[in-house]
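This is what each chain is made of:
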Amino acid sequence: MPLFKRKPFDLAKPPEDLEPSDLVYQVRFTKEIFRDYQEYLNRINLYRQRVWMCKSTGKSNLTYEEAMVMEKNAIQKVQQLPNDLVAPALRIIQFSMLSLRDLADLVTKKLQKDLFVGAELYGKKDDGLYPCRVLKIVENGVGKMQYEVALLGENEKITENAILHGEDLVWKKTPFNRKILKSFIRESTCRSIPWVLHEKLAQKHGISTDLPEELRSKFFLQGGQLVNRTKKRKNENRNNVGEANGESGKSKRNKGEIGKPDASKEENNQPEDEPVKYPIDDLLVKPGPDDPLFTDRPSPSRDFNVPMDCIGDLLMVWDFCSSFSRVLNLWPFSLEDFENAICHKDSNLVLIVETHSALLRILIKDDGEYSLALQNKKRKSKISLITWTEYVCDFLEMINVTELCSCMTTIKRGHYGLLDANAKLGILRELVCHALETDLIRGKLDDLIEQRRALGATVRGEALEYARKKREEKEQLKGESNGLEVKENSMESTGSNPHMAENGEENGDMVEEVISSRQSNAFVNSRKQLNGQSKKGEKQKLDPKVEAENITNSNEKEAQKQLTGEKKEDQEKKSKEKREQRKEYFKREMEKRSIRTNPLGKDRDYNRYWWFRRDGRIFVESSDSKQWGYYCAKEEVDALMSSLNPKGERERALQQQLEKFYPRISLELQKRSKDLAQKIALEEAVLRRSTRVRAPPRENPANAFLKYVNKWKED
């Protein structure tokens, strides 16, 4: 069975009192049975995680099914090992202290020397190599093994028999390799270093299970298991010290003993618990003492006007119409207005009529199946407020969906508004699906993809240009610093006397003459004295006016340096601000060219979280897509973020996405709350008026969808 985190994994037991008529869910590759769909889904998702290891090959980072298939293939290859070699290999493996690789190499070397009946090799005879097959093993009195072989010709026909020594036989192709032997060792043993064979397997091949003398000082058998003496002694000493100090199990746990391995675990030779590397699968995360205080996750609002099972269609149709509003020539509308319009009973509501008409026009322009159907019926290409239902019925006839075709009679009678929300959204869903296949929408998608690629190339180009300028500035600064060092070194070489720097050529000639003479030391000493006297004389000759001028010059130079430094800082700040502005600009442009809306992520229970840029709310979709909810307040989003555990893979990714879009989400939610407050205030103002001067129903903010006008409508 595949290993989970390098440890055995127990399959779920079948439910008790199961009757043949009960509805159950079964995992295809493990045959596990579940009554609860959520438990079945959690187990399937766990099997899909790449946390499994093949027990036979040792390969990790696999799904459960991949590990199971790999293990099955490895077992089939292991079974191809000749039976005559199994027992010798097991004798080498039993109680070996070598590593897996070294043990496999040792078994390979020894098995290559052990020939068996039926082995196909090459035999040396008359200074040539001939293919042969071992027929019989012959022992001579000297103790060396001889083999009776059949020399093979074409089509493996036996030409003659011969008796050859083992040195004259060479393997044609070994029936095993290191990879197969590794799998064989893993399958045959119950523990490693020392490697111990399964008891039944050892008894089958007559292999002793008694410990060899060289291992009895370190290990002993207890209850059929091999126990390490040193580890056993350490555990006993630790337990004795704890009992002597009067510590109970509770106090040990408080002191951190919970992370240490049990004596029973060591007796059973189970590996110690490795430290968990986060993030891991969310369902495997356990609360720890160092975890922060997670708040309770707020329950999302579920006060939708449409039925719960068609909210997904509602969001899909609205998001498509909002994303491709320019292509559809459809003035954008809010999700609330669209939801209210779907639930309204008016048959010729402008928002609904314009939405259907825009989608139908796209199908007509595509010159596809729908346009051909209209041509056969000799319909005009212009859709009006009166005839739009006829075009809808033609579309329903074309797609021939049983559930939607039953609505045609109601639509033809002019009672489209009496249809339920499921039917209305079903028709719009089919229109959107067919519109996505048109050349016009696909061309728009291709244009958006090309524009996004061009923007990405521009961003990368600017980043490379900025990095190049930075490198050039660093190289320039290095060159200037190296130049200053060269100047300082030259000044030091010429000496501190300025007259020597001015008359460098004369001094150089003089120095050469002096060095060439035998009195160089005397010259150097006299030169030092003269330099000292000249310095003193210069200090005495300096006038106070000259000193003042020098001070003012130095102050001016320092002021100039400060000004240049401030200018550089200002330039760096301005360039940084420009870069930030460019980044924000590119982000906005990329968002304008968004191709589709993806979920922000999933929580530990596989609930998906959606955020649409044209609506401030965050929608929550259950794992089975049967339940929907939303968060419409900034406080709810803050509580949601603080309830996510970053130790889990899914909640960590969700938290990162929420943090990325948090400024925009909070801004949209604040705008939404202000709009709601204004609407409530207007409704209260309307209610406070007397019945004599009450405003008409259309002025109510809740009926804003009734005032919809398509400002981008085609003429």
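Located above this text is the structure these notes cover.
Here goes a summary of the coordinates provided. Everything quoted here is computed from the prediction, not taken from an experiment. (Residues numbered from 1 in each chain as written. Predicted model: local features only at pLDDT ≥ 70, side-chain atom pairs only at ≥ 80, totals over all residues. Heavy atoms only, no water.)

Right, let's get into the overall build of the chain. Counting its regular elements, the chain contains 25 helices and 18 strands. For the chain, buried positions account for 33% of its 715 residues. Looking at the chain alone, contacts between residues at least 24 apart form 57% of all its contacts between residues at least 6 apart. Put simply, the chain shows about 46600 Å² of open surface, and 50% of that area lies on carbon and sulfur atoms. (Helix = DSSP H or I, 4+ residues; strand = E, 2+ residues; numbered from the N terminus. Buried < 20%, exposed > 50% of the residue type's maximum accessible area, 1.4 Å probe, protein only. Contact = heavy atoms within 4.5 Å. Areas by Shrake-Rupley, 256 points an atom, 1.4 Å probe, with all protein chains shown as cover.)

If you trace the five strands from one edge of the open sheet to the other, you get β9-β8-β7-β6-β10, paired in antiparallel fashion. Two strands close off the open sheet at either side, each with one partner strand: β9 (158–165) and β10 (169–171). On average, each strand axis in the sheet is inclined to that of its neighbour by 45°, with strand direction left out of account. Where strand β8 (residues 145–152) meets β9, seven bridges bridge the pair, whose relative direction is antiparallel. From the neighbouring strand, Leu 152 faces β9, where its bridge partner is Ile 158. (Pairing = 2+ DSSP bridges. Axes fitted to C-alpha atoms, helices over the stretch in contact; angles between N-to-C directions.)

Counted by the stated rule, this structure contains 26 aromatic pairs. Note on Trp 318 and Phe 612: the rings are 6.0 Å apart at their centroids and 80° apart in plane angle, and the pair reads as edge-to-face. Of this pair, Trp 318 sits in helix α10 (residues 311–323) while Phe 612 sits in the loop between β16 (608–611) and β17 (618–621), and the two are 294 residues apart along the sequence. A relative accessible area of 0% means that Trp 318 is categorised as buried. Through a chain of ring-to-ring contacts, three or more aromatic side chains come together here, namely Phe 4, Phe 9, Phe 29, Tyr 47, Trp 52 and Tyr 64. (Phe/Tyr/Trp six-rings, centres within 6.5 Å; stacked < 30°, edge-to-face > 60°.)

Looking now at unusual backbone geometry. Between Tyr 278 and the following residue, Pro 279, the backbone shows a cis peptide bond with an omega angle of 5°. Counting through the fold element by element, Pro 279 comes out in the loop between α9 (263–267) and α10. The backbone of Lys 31 shows a phi angle near 65°, a positive value even though the residue is not glycine. Mapped onto the secondary structure, Lys 31 falls in the loop between β3 (25–26) and β4 (33–34).

Take the sheet that holds strand β18 (residues 628–631) next. Read across the sheet, four strands follow the order β15-β16-β17-β18 without closing on themselves; strand pairing throughout is antiparallel. Among the strands making up the open sheet, the edge pair consists of β15 (601–602) and β18. The pairing of β16 with β17 spans four bridges and is antiparallel. Note on β17: the bridge partner recorded for Tyr 609 is Val 620.

Looking at where Ser 96 falls in the secondary structure, it is placed in the loop between α3 (83–93) and α4 (100–113). Polar contacts involving the side chain of Ser 96 include one to the main-chain amide nitrogen of Leu 98, which spans 3.4 Å. Among residues more than four places away in sequence, those in contact with Ser 96 are Leu 103, Ile 193, Pro 194 and Trp 195. (Polar contact = N/O pair within 3.5 Å; in protein donor to acceptor, adjacent residues only side chain to side chain.)

Formed by 64 residues in total, the largest nonpolar core has its most connected members in Phe 338, Ile 342, Tyr 370, Phe 395, Leu 396, Ile 411 and Phe 619. If you tally residues by element for this core, the top one is helix α13 (residues 350–365), at nine residues. Every residue in contact with Ile 411, bar those within four places of it in the chain, is listed here: Thr 389, Val 392, Cys 393, Leu 396, Tyr 416, Leu 419 and Ile 427. If you look at the next biggest cluster of nonpolar residues, it comprises 32 residues, including Leu 90, Leu 111, Leu 115 and Phe 184. (Core = buried A, V, L, I, M, F, W, Y, C linked by side-chain atoms within 4.5 Å.)

Turning our eyes to something else, we now look at the pairing of β16. The side chains of a regular strand alternate, first on one face of the sheet and then on the other. Side chains of β16 alternate between two faces, with Arg 608 and Trp 610 and Tyr 609 and Trp 611 buried alike. Taken together, the two bridges between β15 and β16 define a ladder with antiparallel strand orientation. Each residue of the ladder has a partner; that of Lys 602, found in β16, is Arg 608. Between β15 and the antiparallel strand that follows it, β16, lie five residues; Tyr 606 among them carries a positive phi value of about 65°.

Those residues of helix α14 (residues 369–376) not exposed but buried are Tyr 370, Ser 371 and Leu 374. Down the axis, α14 shows its buried residues gathered within 100° of arc, on one side only. Exposed residues lying more than 90 degrees from the buried face of α14 are Glu 369, Gln 375 and Asn 376. Just downstream of α14, Lys 378 is the residue with a positive phi angle, here 55°. (Arc of directions from axis to C-beta.)

Further remarks concern the packing of α10 against helix α12 (residues 335–343). Pairs of packed helices are described in terms of their axes, by the angle between the two and the distance that separates them. Where α10 meets α12, the axes come as close as 11 Å, and the angle between the chain directions of the two elements is 125°. Considering their axes alone, α10 and α12 lie oblique with respect to each other. Judged by the twist between their axes, the crossing of α10 over α12 is right-handed. In this structure, α10 uses Leu 314, Leu 315, Val 317 and Trp 318 to contact α12, whose residues at the interface are Leu 335, Phe 338, Glu 339 and Ile 342. Of the residues that constitute the contact of α10 with α12, the class distribution is seven nonpolar, no polar and one charged. (Parallel < 35°, antiparallel > 145°, perpendicular 65-115°, else oblique. Left-handed = near helix turned anticlockwise from the far one by under 90°. Nonpolar A, V, L, I, M, F, W, Y, C, P; charged D, E, K, R; others polar.)

Under the defined criterion, the tally for this structure stands at 27 salt bridges. In this structure, Glu 336 and Arg 672 form a salt bridge, with 2.6 Å as the shortest nitrogen-oxygen distance. Residue Glu 336 is located in helix α12, and its partner Arg 672 is located in helix α25 (residues 649–688); the two are separated by 336 residues in the primary sequence. Given the relative accessible area of 14%, Arg 672 is considered buried. (Salt bridge = Lys/Arg side-chain N within 4 Å of Asp/Glu carboxyl O.)

This part covers the state of the cysteines. All told, the structure shown has zero disulfides when counted by the stated rule. For the unlinked cysteine Cys 393, the closest cysteine sulfur is that of Cys 405, found at 9.7 Å. Taking relative accessible area as the criterion, Cys 393 reaches 3% and is therefore assigned buried. (Disulfide = S-S within 2.5 Å.)

Attention now goes to a nonpolar patch on the surface. Judged by side-chain polarity, Val 117, Ile 137 and Met 145 come together as a nonpolar surface patch covering roughly 230 Å² of accessible area. Looking at Ile 137, the relative accessible area reads 37%, which means it is partly exposed. (Patch = residues over 30% accessible without salt bridge, like charges linked within 9 Å, V, L, I, M, F, W, Y side chains within 5 Å.)

On the surface, a cluster of negative charge is contributed by Glu 473, Glu 566, Glu 569, Asp 570 and Glu 572. Per element, the largest residue contribution to the negative patch is four residues, and it comes from helix α23 (residues 544–592). Along the chain, Glu 473 turns up in helix α19 (residues 439–494). (Lys, Arg positive; Asp, Glu negative; His and termini not counted. Charge placed at Lys NZ, Arg CZ, Asp CG, Glu CD.)

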